[in-house]
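Secondary and tertiary structure notes
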Amino acid sequence: MNTTQNEKVRCLIIGSGPAGYTAAIYASRANLSPVLYEGIQPGGQLTTTTEVENFPGYPEGVTGTELMEDLRKQAARFGADIRVGIATETDLSAAPYKVTIDGEKVIETETLIISTGATAKYLGLPDEQKYAGMGVSACATCDGFFYRKKVVAVVGGGDTACEEALYLSSLAKQVYLIVRKPYLRASKVMQERVLNTPNITVLFEHNTIGLFGEDGVEGAHLVKRMGEPDEEKVDIAIDGFFLAIGHTPNSKIFKPWVETDEVGYIKTVPGTPKTRVPGVFAAGDVADPHYRQAITAAGSGCAAAIEAERYLSEIGK
Ligand code: NDP
């Protein structure tokens, strides 16, 4: 890395979801003069959802885009330096830590808050794009409410899919769980709950090959026992199609330095945003395989900024 023209900052935040912006609000108010890079998807995952009704403080709900714009403005109001750019490389071997932006500019920072989020996996069908925001979702907790008394399908056989199916079963009239294998990968307790819920139908050995509908999702084209001699095409009528086939945490460029679990989620000291690198913190979905909510991400962003402030005062910077 070229170190001749490096910019030096006290607090660098990577990512612009609820975790990153909340960290920026707290870090600005603590006079850390934070610099925040927005990353690949400014505003994060919430900008891909429609209405957000579970973020406290919005009794009438708010769109994901408006919520993120409000958080951004709030961070800017206290002086956070919000920039367009993507972190492409890191060197966290020793402080000050070096982060390369867009493959060119190198920022040296005393503290780093990683809030790069996680990206929901999709099947890769063109119809997922076609019906984005029109019946296709990767977050039942965010969008399930719009399917009260309707028929929905969840794809996946892991704990997330079971959890999403159970959540939706309390709202929707009927839930299909589309599982590609002849068994569920989820924990036994989750499997039992799903199998004992009357309005959940598990479609084992089914793959989705497309969606159909005029102005939104009206159904899915499935194939039972795909590739086998007795393969069979099946269409189901649904109003909503939920993906729950896992998330990919955006932790790749930090992996050589911080500890991650087998999926790639950054491991932190339990109950804190501290990574194993002093002064480097992880907040939001990149470090959270369990809750993945806007409000929990915001809370951990707050905690990361408070820890960054404490760390700087401990090292006298
Ligand atoms: P998992 O990786 O555990 O499961 C993903 C599921 O999606 C699998 O059933 C997999 O099928 C299926 N899948 C993947 N790709 C495709 C595809 N292209 N087409 C069809 N199906 C596909 O992810 P989860 O998000 O469920 O869980 C991640 C981790 O978080 C796990 O360790 C889980 O235990 C944990 N978790 C725990 C919870 C809890 O304890 N309450 C709640 C949620 C998550 P296949 O089995 O065939 O590979």
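Only a predicted model underlies this, so the values are computations on that prediction, with no experimental measurement involved.

Observations regarding the sheet that holds strand β11 (residues 151-155)
Strand order across the open sheet formed by 5 strands is β10-β17-β11-β12-β13, with parallel pairing between neighbours. The strands lining the two open edges of the sheet, one partner per strand, are β10 (136-137) and β13 (200-203). Two strands pair when backbone bridges link them, and β11 and strand β17 (residues 240-243) are joined in this way by 4 bridges, in the parallel orientation. Bridge pairing in β17 links V152 to G240.

Concerning the environment of F146
Structurally, the position occupied by F146 is in the loop between α4 (140-143) and β11. The class for F146 is partly exposed, based on a relative accessible area of 33%. In this structure the C-alpha to C-alpha distance between F146 and G135, which are 11 residues apart in sequence, comes to 9.5 Å.

Thoughts on the nonpolar core
By size, the foremost hydrophobic cluster in this structure holds 52 residues, and its most contacted members are L12, I14, L112, I113, I114, V258 and V280. Contributions of two or more residues to this core are made by β1 (7-14), α1 (18-29), β2 (35-37), α2 (64-77), β7 (97-101), β8 (105-114), β19 (280-282) and α7 (294-315). The element that contributes the greatest number of residues to this core is α7, accounting for 8 residues. For L112, the residues in contact, after removing those within four places along its chain, are L12, I14, L92, V99, F254, G279, V280 and F281. Counting residues in hydrophobic clusters, the runner-up holds 21 residues, among them A161, A172, L184 and M190.

Topic: the packing of aromatic side chains
A complete count under the given rule lists 2 aromatic pairs for this structure. Between the aromatic rings of Y147 and F242, the centroid separation amounts to 5.4 Å while the plane-to-plane angle is 80°, which identifies the pairing as edge-to-face. A residue pair is termed long-range when its members are at least 10 positions apart, and Y147 in the loop between α4 and β11 and F242 in strand β17 qualify at 95 residues. Each member of the pair Y147 and F242 is classed as buried. Taking the ring centre of F78 as reference, the NZ or CZ of R29 above it sits at 4.7 Å.

Examining the site of the ligand
Taken together, L123, G156, G157, G158, D159, T160, E163, R180, K181, R185, I245 and G246 make up the full set of residues near the ligand. Within the side chain of K181, a nitrogen or oxygen atom sits 3.0 Å from an oxygen atom of the ligand. A distance of 2.4 Å separates an oxygen atom of the ligand from a polar atom in the side chain of R185. Alone, the ligand offers 910 Å² of accessible surface; in the complex the protein occludes 73% of this. Class assignment of the residues belonging to the shell around the ligand gives a composition of 2 nonpolar, 5 polar and 5 charged.

About the cut-offs
- Residues numbered from 1 in each chain as written.
- Predicted model: local features only at pLDDT ≥ 70, side-chain atom pairs only at ≥ 80, totals over all residues.
- Heavy atoms only, no water.
- Pairing = 2+ DSSP bridges.
- Helix = DSSP H or I, 4+ residues; strand = E, 2+ residues; numbered from the N terminus.
- Buried < 20%, exposed > 50% of the residue type's maximum accessible area, 1.4 Å probe, protein only.
- Core = buried A, V, L, I, M, F, W, Y, C linked by side-chain atoms within 4.5 Å.
- Contact = heavy atoms within 4.5 Å.
- Phe/Tyr/Trp six-rings, centres within 6.5 Å; stacked < 30°, edge-to-face > 60°.
- Lys NZ or Arg CZ within 6 Å of the ring centre and 35° of its normal.
- Near = heavy atom within 4 Å.
- Polar contact = N/O pair within 3.5 Å; in protein donor to acceptor, adjacent residues only side chain to side chain.
- Areas by Shrake-Rupley, 256 points an atom, 1.4 Å probe, with all protein chains shown as cover.
- Nonpolar A, V, L, I, M, F, W, Y, C, P; charged D, E, K, R; others polar.

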